[in-house]
Amino acid sequence: QVQLVESGGGLVQAGGSLRLSCAASGLIFRAYAMGWFRQAPGKEREIVATINWAGSSTYYADSVKGRFTISRDNAKGTAALQINSLKPEDTAVYYCAAAGPYDTRWTSPSQYNYWGQGTQLTVSS
């Protein structure tokens, strides 16, 4: 049974930083691309960042480039999202997801077939 568990969300002031983590189990982690997505109230879920199975390539949404950094540790089975210069519009539920195994379309949201339960990030102005 595949499980993805996010942690690290909370209430942060604008301009601050936060690190979200995702712990994976039940899958061969090194074979799966990992992605972070978010859904704000009243909006559709959107892609934030993705990283391929080797950790050698990344993709970022234009809205987060330069502020967000996705990473992974294949030895530990974890993925992370470092968020800097937080803005109120970053407020959302953040989800980690996995696509694979060895899916070459890892920048496409439709390829992500395993999802975590989400963690709330609220940015106050």
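Up top you'll find the structure we're talking about.
Residues numbered from 1 in each chain as written. Predicted model: local features only at pLDDT ≥ 70, side-chain atom pairs only at ≥ 80, totals over all residues. Heavy atoms only, no water.

Participant: Help me understand the side chain of Thr91 in this model?
Facilitator: With respect to the secondary-structure elements, Thr91 resides in the loop between strand S8 (78-83) and strand S9 (92-99). One polar contact links the side chain of Thr91 to the main-chain amide nitrogen of Val123, over a distance of 2.9 Å. Dropping the residues within four chain positions of it, Thr91 is found in contact with Ala40, Gln120, Leu121, Thr122 and Val123. (Helix = DSSP H or I, 4+ residues; strand = E, 2+ residues; numbered from the N terminus. Polar contact = N/O pair within 3.5 Å; in protein donor to acceptor, adjacent residues only side chain to side chain. Contact = heavy atoms within 4.5 Å.)

Participant: Explain the sheet that holds S8 here, please?
Facilitator: The strands making up a sheet associate through hydrogen bonds between their backbones, and the pairing can be parallel or antiparallel. Reading across from one edge, S1-S3-S8-S7 is the order of the 4 strands in this open sheet, with antiparallel pairing throughout. Whereas interior strands pair on both sides, the edge strands pair on one side only; in this sheet they are strand S1 (3-7) and strand S7 (68-73). Adjacent strand axes in the sheet meet at a mean angle of 15°, parallel and antiparallel pairs treated alike. Here strand S3 (residues 18-25) runs beside S8; their pairing, made up of 6 bridges, is antiparallel. Within the sheet, the bridge partner assigned to Ala23 lies in S8 and is Thr78. (Pairing = 2+ DSSP bridges. Axes fitted to C-alpha atoms, helices over the stretch in contact; angles between N-to-C directions.)

Participant: Teacher, can you tell me more about the packing of aromatic side chains here?
Facilitator: Each aromatic ring pair is described using two quantities: the centre-to-centre distance and the angle formed by the ring planes. Taken as a whole and judged by the stated rule, the model has 4 aromatic pairs. Ring geometry for Phe37 versus Tyr112: centroids 5.2 Å apart, planes at 70°, classification edge-to-face. Remark: Tyr112 occurs in the loop between S9 and strand S10 (114-115) and Phe37 occurs in strand S4 (residues 33-39); sequence separation between them is 75 residues. This pair shows no difference in class: Phe37 is buried, exactly as Tyr112 is. Centroid distance Phe37 to Trp115: 4.7 Å. Interplanar angle 55°. Geometry classified as tilted. Of this pair, Phe37 sits in strand S4 while Trp115 sits in strand S10, and the two are 78 residues apart along the sequence. What makes Trp115 partly exposed here is its relative accessible area of 28%. (Phe/Tyr/Trp six-rings, centres within 6.5 Å; stacked < 30°, edge-to-face > 60°. Buried < 20%, exposed > 50% of the residue type's maximum accessible area, 1.4 Å probe, protein only.)

Participant: Mind showing me how you'd approach unusual backbone geometry here?
Facilitator: When glycine is set aside, most residues are seen to have a negative phi, and most peptide bonds are trans. The omega angle of the peptide bond from Gly100 to Pro101 is 5°, so this bond is cis rather than trans. Along the polypeptide, Pro101 turns up in the loop between S9 and S10. Look at Ser85: it is not a glycine, yet its phi comes out positive at around 50°. Here the phi dihedral of Tyr102 falls at roughly 55°; this positive angle occurs in a residue that is not glycine.

Participant: Please clarify how the state of the cysteines should be interpreted in this entry.
Facilitator: Each disulfide consists of one covalent bond between the sulfur atoms belonging to two cysteines. For the structure on display, the rule yields 1 disulfide. Covalent S-S linkage joins Cys22 and Cys96, the inter-sulfur distance amounting to 2.0 Å. Measuring handedness by torsion sign, the sulfur bridge of Cys22 and Cys96 sits at about 45° and is right-handed. Placement of Cys22 in strand S3 and of Cys96 in strand S9 is noted, with a sequence separation of 74 residues between them. Assigned by exposure class, Cys22 and Cys96 land together as buried. (Disulfide = S-S within 2.5 Å.)

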